[in-house]
Amino acid sequence: MSTTFASLRHDWILAEAVSLFDLPFNDLLFQAHGVHRANFDPNAVQLSTLLSIKTGACPEDCAYCPQSVRYDTGLERERLLPLEDVLAAARRARSSGATRFCMGAAWRSPKDRDLDQVVEMVQGVKAIGLETCLTLGMLTDRQARRLKEAGLDYYNHNLDTSPEFYGNIITTRTYQDRLDTLEHVRAAGLSVCCGGIVGMGEDRRDRAGLLVALANLPKHPESVPINRLVQVEGTPLYGVDRLDGLEFVRTVAVARIMLPGSYVRLSAGRSAMSDELQAWCYFAGANSIFYGEKLLTTGNPEADHDRELFQRLGIRPLHKEKVQEEAGELEMRACRCGAAELPASA
Ligand code: SAM
Ligand code: DTB
Ligand code: SF4
């Protein structure tokens, strides 16, 4: 019997995803790395830099988030940043090697007058020569189309966890609200960045359930951020049991197998990971990171440290043109991948 590489499927059932998680570690990593190699340059990683353009005082109750107005995390709230500050940060990101600039706002959803200013940011960042990504909360159909017309490349909106565990984490918006926003983003012709967080006290079935929900979307997200919870004092999830590092690697590996054509991003939580753990994640199929010393409000490894790690691993940062060239090829690459075979697993 031989194991076929996963092709682009949208009909995953939970039991299948759980059995991937349950494989012996070496079998899982071998399979995931094979899928990775069949679809991507295994030594190239895409670099995105984040900026919080509006910080804190968010009305939502996401139990992991330092920016919710409901939790006292000592975070100073800030109004929407002036355009020039955003462009200065984008120039710095570009000169340190990022190819995408992701702007995040602590909103439930943007108001139309906020969007006027955000549109100027998107246009300015594009003119600097970076791909653009926004994460502003829920979007209407019309707002998504407006951002597409402004030239936005990606919209980030995460499912965060499995449908079953979701109610333990957020009560102020539903899973269906998130799916609706993703539908609006897709319909507008934007590329989708959608992933989740692990290490929130969920179990393996929930991690598998998140990946099933992502893989069964009508089209796989182009970018899939896998965040490991950054525990912030004052949030309800502060002090929750930390997720085992090898279970995190397994999550990346299963994401790679189920979403073979997507960029899987090793996202929040890298500051608490050793170089060795990150190296395993790259082997398992992660091929994108947040790059630069800050995420939105919390820390991230120094760019120098990442560059040094890349050198030690022989990893190259991916050029923007390469990512764009591949963006329209998801289905095609999955066909190639479907034809390849791996020897039988033990
Ligand atoms: N307010 C918008 C929203 O939630 O849609 C956009 C910004 S929000 C901070 C973007 C994502 O960051 C969340 O969906 C969540 O997955 C991730 N995130 C927030 N706080 C985090 C934390 N402490 N650890 C890991 N990921 C986190
Ligand atoms: C995503 O999945 N992770 C990023 C980005 N999308 C917006 C945010 C991580 C935030 C970590 C906590 C903070 O820095 O506030
Ligand atoms: Fe608000 Fe987004 Fe934080 Fe939730 S994750 S509290 S919506 S900023």
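What counts, and at which threshold
Residues numbered from 1 in each chain as written. Chains lettered and ligands numbered in written order. Predicted model: local features only at pLDDT ≥ 70, side-chain atom pairs only at ≥ 80, totals over all residues. Heavy atoms only, no water. Axes fitted to C-alpha atoms, helices over the stretch in contact; angles between N-to-C directions. Helix = DSSP H or I, 4+ residues; strand = E, 2+ residues; numbered from the N terminus. Parallel < 35°, antiparallel > 145°, perpendicular 65-115°, else oblique. Left-handed = near helix turned anticlockwise from the far one by under 90°. Contact = heavy atoms within 4.5 Å. Nonpolar A, V, L, I, M, F, W, Y, C, P; charged D, E, K, R; others polar. Phe/Tyr/Trp six-rings, centres within 6.5 Å; stacked < 30°, edge-to-face > 60°. Buried < 20%, exposed > 50% of the residue type's maximum accessible area, 1.4 Å probe, protein only. Polar contact = N/O pair within 3.5 Å; in protein donor to acceptor, adjacent residues only side chain to side chain. Near = heavy atom within 4 Å. Areas by Shrake-Rupley, 256 points an atom, 1.4 Å probe, with all protein chains shown as cover. Salt bridge = Lys/Arg side-chain N within 4 Å of Asp/Glu carboxyl O.

Visitor: Where do I start with the packing of helix H3 (residues 83-95) against helix H4 (residues 112-128) in this structure?
Guide: Any two packed helices are characterised by the angle at which their axes cross and by the distance between the axes. Closest axis-to-axis distance for the H3/H4 pair is 10 Å, and the angle between their directions is 30°. One element, H3, and the other, H4, form an angle in the roughly parallel class. Where H3 crosses over H4, the two elements pack in a sense that is right-handed. On H4, the residues that touch Leu 83, Val 86, Leu 87, Ala 90, Arg 91 and Arg 94 of H3 are Glu 120, Met 121, Gly 124, Val 125 and Ile 128. Its residues placed into classes, the contact of H3 with H4 shows seven nonpolar, one polar and three charged.

Visitor: Teacher, can you tell me more about the packing of aromatic side chains here?
Guide: Geometry of an aromatic ring pair is reported as the spacing of the ring centres plus the angle between the planes. Under the defined criterion, the tally for this structure stands at five aromatic pairs. Taking 5.6 Å as the distance between ring centres and 70° as the angle between the ring planes, the aromatic pair formed by Phe 25 and Trp 280 counts as edge-to-face. Highlighted residues: Phe 25 in helix H2 (residues 25-39) and Trp 280 in helix H10 (residues 275-284), separated in sequence by 255 residues. Accessibility expressed as a relative area gives 39% for Trp 280, which makes it partly exposed.

Visitor: What's the story with the side chain of His 157 in this structure? I'm lost.
Guide: As for its placement among the helices and strands, His 157 is situated in the loop between strand S5 (154-156) and helix H6 (163-166). Within the structure, the side chain of His 157 is placed 3.5 Å from the backbone oxygen of Gly 137, a separation counted as a polar contact. Contacts of His 157, omitting those with residues within four sequence positions, involve Gly 137, Met 138, Arg 173, Arg 178, Thr 181, Leu 182, Cys 193 and Cys 194.

Visitor: Hey, could you run me through the site of ligand 2 in this one?
Guide: Taken together, the neighbourhood of ligand 2 is formed by Leu 50, Pro 66, Thr 135, Asn 156, Asn 158, Pro 225, Asn 227, Phe 290, Leu 295, Leu 296, Thr 297 and Thr 298. In the model, an oxygen atom of ligand 2 is placed 2.8 Å from a nitrogen or oxygen of the Asn 158 side chain. With respect to ligand 2, the side chain of Thr 298 contributes an N or O atom lying 2.8 Å from an oxygen atom. In isolation ligand 2 exposes 400 Å². Once the protein is present, 88% of that is buried. Of the residues contributing to the shell around ligand 2, the split by class is six nonpolar, six polar and no charged.

Visitor: Explain unusual backbone geometry to me, please; I cannot follow it from the model alone.
Guide: Most peptide bonds adopt trans geometry, and most residues besides glycine take a negative phi value. Here Ala 57, not a glycine, exhibits a phi torsion of approximately 60°, which is positive. Considering the arrangement of structural elements, one finds Ala 57 in the loop between strand S2 (44-54) and H3. Residue Ala 57 is classed as partly exposed on the basis of its relative accessible area of 29%. Of note in the backbone geometry, Asp 160 takes a positive phi value of approximately 75° without being a glycine. Among the residues examined, Asp 160 registers a relative accessible area of 3% and is labelled buried.

Visitor: What's the story with the side chain of His 36 in this structure? I'm lost.
Guide: Within the secondary structure, His 36 sits in helix H2. With residues up to four places along the chain from it excluded, the contact list for His 36 reads Pro 42, Arg 256, Tyr 282, Gly 285, Ala 286 and Asn 287.

Visitor: I would appreciate a short explanation of the pattern of salt bridges in the present structure.
Guide: A side chain with one charge can pair with a side chain of the opposite charge if their charged atoms come near. Counting across every chain of the model gives 21 salt bridges. Across the pair Lys 126 and Asp 153 runs a salt bridge, and its minimum N-O distance is 3.2 Å. In this pair, Lys 126 sits in helix H4 while Asp 153 sits in the loop between helix H5 (141-149) and S5, placing the two residues 27 residues apart along the sequence. In the salt-bridge network here, residues are joined through shared partners; they are Asp 22, Glu 202, Arg 204, Arg 207 and Glu 247.

Visitor: Explanation requested: the environment of Glu 276 in the structure shown.
Guide: Within the element layout of this structure, Glu 276 appears in helix H10. Residues Glu 276 and Leu 309 lie 33 residues apart in sequence; the distance between their C-alpha atoms is 9.5 Å.

Visitor: Hey, could you run me through the site of ligand 3 in this one?
Guide: Taken together, the residues surrounding ligand 3 are Cys 58, Glu 60, Cys 62, Tyr 64, Cys 65, Ser 68, Ala 106 and Arg 173. Classifying every residue of the shell around ligand 3 gives five nonpolar, one polar and two charged.

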